[in-house]
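Topology and contacts: notes
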Amino acid sequence: MNLQQLEYIVALDIHRNHVKAAEHCHVTQPTLSMMVKKLEDELEVKIFQKGVPLKPTPSGEIIISRARQILQEVKNLKEFIRSEKDSIEGEFRLGVIPTLAPYLLPRFLNEFLQKHPGTSFTVMELQTHEIINYLKTNRLDVAILVTPLDDKEIREIPIFYEPILLYTSENLKYYQQDRINLKTLTYDNLLMLEEGHCFRGQVENLCSAKNKKTHHQLNYQSGSFETLKAMVDNNYGYTLIPELAVNAKSKYVRHFTSPEPVREVSLAVHQGFVKETLLSKLREAILKAIPPHFKKNDKYIRVRWD
């Protein structure tokens, strides 16, 4: 058994195709197939079932899971030896949820990269469940997302607490109020992000009468805050929106009565991640780029997203 064979079975599990897995590993398909067969013979167990699509056997799933752990530990060891603790140089894969990426990344990322020319990022916009999976399968190094995740394999480093605001049309009762009481929120005229966005879960956790939806002429769900704001601007209801995604001084924006709801934004890495200085510098750069009142959570309610 060798590390190369473990890399091959992990690649097969990701791509579920011998040709694509071989391309990923930069070997020929016959070489990959032969090495996987040798590993199966040595272990005296079938790792993959025959058929299309390719699928691991029950024993194979356990073997692949252990292979991922071994490869991650080897990568961690090489990383630790190759670079000093205070080095942040290297190529990293950064995952960011779509409801944060367009509003947070432009505030700090360019300046961060200019300050650290030896560091580069491949940025991927992914939903929370994808980020968790990618961190666990070593397809992401670092993520910025909303927490808590409550996953023992993922380490969370809280950065800031972003207030959640109400964005209302002029024809609704909320427009006439200076501040909104959370208990008065209902599904009436509420516009939300589509299923899959963690912010939708937060909105559902905030609104009362959660399971008593009334019939409306318009049930609108969007994947974009910008679309929701445009709908509200044209008197199609109201929505909830994180502060970074809106001009807080807009005539359509209303704050909630104290304690205000917030979403906790954190860095997340797999428990085996060793680049402590990178995490520290990233957190420092983000904190420098956000409004000061995001840095405290003593006056807020942290809203869960799940």
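Residues numbered from 1 in each chain as written. Predicted model: local features only at pLDDT ≥ 70, side-chain atom pairs only at ≥ 80, totals over all residues. Heavy atoms only, no water.

Topic: the overall build of the chain
- Along the backbone of the chain there are nine helices and 13 strands.
- Burial status across the chain gives 49% buried among its 306 residues.
- Residue pairs in contact within the chain that sit at least 24 positions apart in sequence constitute 74% of those at least 6 positions apart.
- Looking at the chain as shown, the accessible area adds up to about 16200 Å², and 50% of this sits on carbon and sulfur atoms. (Helix = DSSP H or I, 4+ residues; strand = E, 2+ residues; numbered from the N terminus. Buried < 20%, exposed > 50% of the residue type's maximum accessible area, 1.4 Å probe, protein only. Contact = heavy atoms within 4.5 Å. Areas by Shrake-Rupley, 256 points an atom, 1.4 Å probe, with all protein chains shown as cover.)

What about the pairing of strand E4 (residues 119-125)?
- Summarising the sheet, strand E3 (residues 90-96) and E4 pair through seven bridges and their orientation is parallel. Residue Arg-93 lies in a different strand from E4, and its bridge partner there is Thr-122.
- Crossover connection from E3 via helix H5 (residues 101-115) to parallel E4: handedness right-handed. (Pairing = 2+ DSSP bridges. Right-handed = clockwise from strand over helix to strand, strands pointing away.)

Thoughts on the pairing of strand E5 (residues 142-147)
- Summarising burial for E5: six of the six residues are buried, a large majority.
- Bridge count for E3 against E5 is three bridges, and the pairing is parallel. Within the sheet, the bridge partner assigned to Val-96 lies in E5 and is Ile-144.
- As paired elements, E5 and strand E12 (residues 260-270) share five bridges and run antiparallel to each other. Residue pairing in the sheet places Val-146 in a bridge with Val-265 of E12.

Section: the packing of helix H2 (residues 18-25) against helix H3 (residues 29-43)
- Remark: H2 packs on H3, axes separated minimally by 8 Å, with the N-to-C direction vectors making an angle of 100°. Taken as axis vectors, H2 and H3 run roughly perpendicular relative to one another. On H3, the residues that touch His-18, Val-19, Ala-21, Ala-22 and Cys-25 of H2 are Gln-29, Leu-32 and Ser-33.
- Grouping the amino acids of the contact of H2 with H3 by side-chain chemistry returns five nonpolar, three polar and no charged. (Axes fitted to C-alpha atoms, helices over the stretch in contact; angles between N-to-C directions. Parallel < 35°, antiparallel > 145°, perpendicular 65-115°, else oblique. Nonpolar A, V, L, I, M, F, W, Y, C, P; charged D, E, K, R; others polar.)

Brief notes about the layout of surface pockets
- In this structure, the largest pocket spans a volume of roughly 960 Å³.
- Lining of the largest pocket is provided by 34 residues; of these, Val-10, Arg-68, Leu-71, Thr-137 and Asn-138 occupy positions nearest its centre.
- When contributions to the lining of the largest pocket are tallied by element, the ones reaching two or more residues are helix H1 (3-15), H2, helix H4 (58-82) and helix H6 (128-136).
- It is H4 that contributes the most residues to the lining of the largest pocket, 12 residues altogether.
- Looking at the second largest pocket, its volume works out to about 370 Å³.
- As for the second largest pocket, its lining consists of 21 residues, and the residues nearest its centre are Lys-75, Glu-79, Phe-92, Asp-141 and Phe-273.
- Going through the elements one at a time, H4, E3 and E12 are the ones with two or more residues in the lining of the second largest pocket.
- The greatest single-element share of the lining of the second largest pocket, amounting to five residues, is contributed by H4. (1 Å grid on protein atoms, 1.4 Å probe; cavity = no way out; pocket = protein on both sides within 12 Å on 5 of 7 lines; lining within 4 Å. Points joined across faces, edges and corners; volume = space filled by probe spheres on them.)

Considerations on the packing of aromatic side chains
- Taken as a whole and judged by the stated rule, the model has six aromatic pairs.
- Taking the centre distance of 6.1 Å and the plane angle of 45° together, the rings of Phe-92 and Phe-121 count as tilted. Placement of Phe-92 in strand E3 and of Phe-121 in strand E4 is noted, with a sequence separation of 29 residues between them. The residues Phe-92 and Phe-121 share a single accessibility class, namely buried.
- Across the ring face of Tyr-134, the terminal group of Arg-139 is positioned such that the distance to the ring centre comes to 4.5 Å.
- Above the ring of Tyr-175, the side-chain terminus of Arg-254 is found at 4.9 Å from the ring centroid. (Phe/Tyr/Trp six-rings, centres within 6.5 Å; stacked < 30°, edge-to-face > 60°. Lys NZ or Arg CZ within 6 Å of the ring centre and 35° of its normal.)

Here's the deal with the nonpolar core
- Within the largest apolar cluster, 76 residues are counted, with the highest numbers of intra-cluster contacts made by Phe-108, Ile-144, Phe-160, Leu-185 and Leu-240.
- Counting residues per element, this core draws most heavily on strand E6 (residues 154-168), which supplies eight residues.
- Among the nonpolar cores identified, the runner-up in size contains 20 residues, and Val-10, Met-35, Leu-54 and Ile-63 belong to it. (Core = buried A, V, L, I, M, F, W, Y, C linked by side-chain atoms within 4.5 Å.)

So, to be careful, I would describe these as geometric facts and stop short of saying anything about function.
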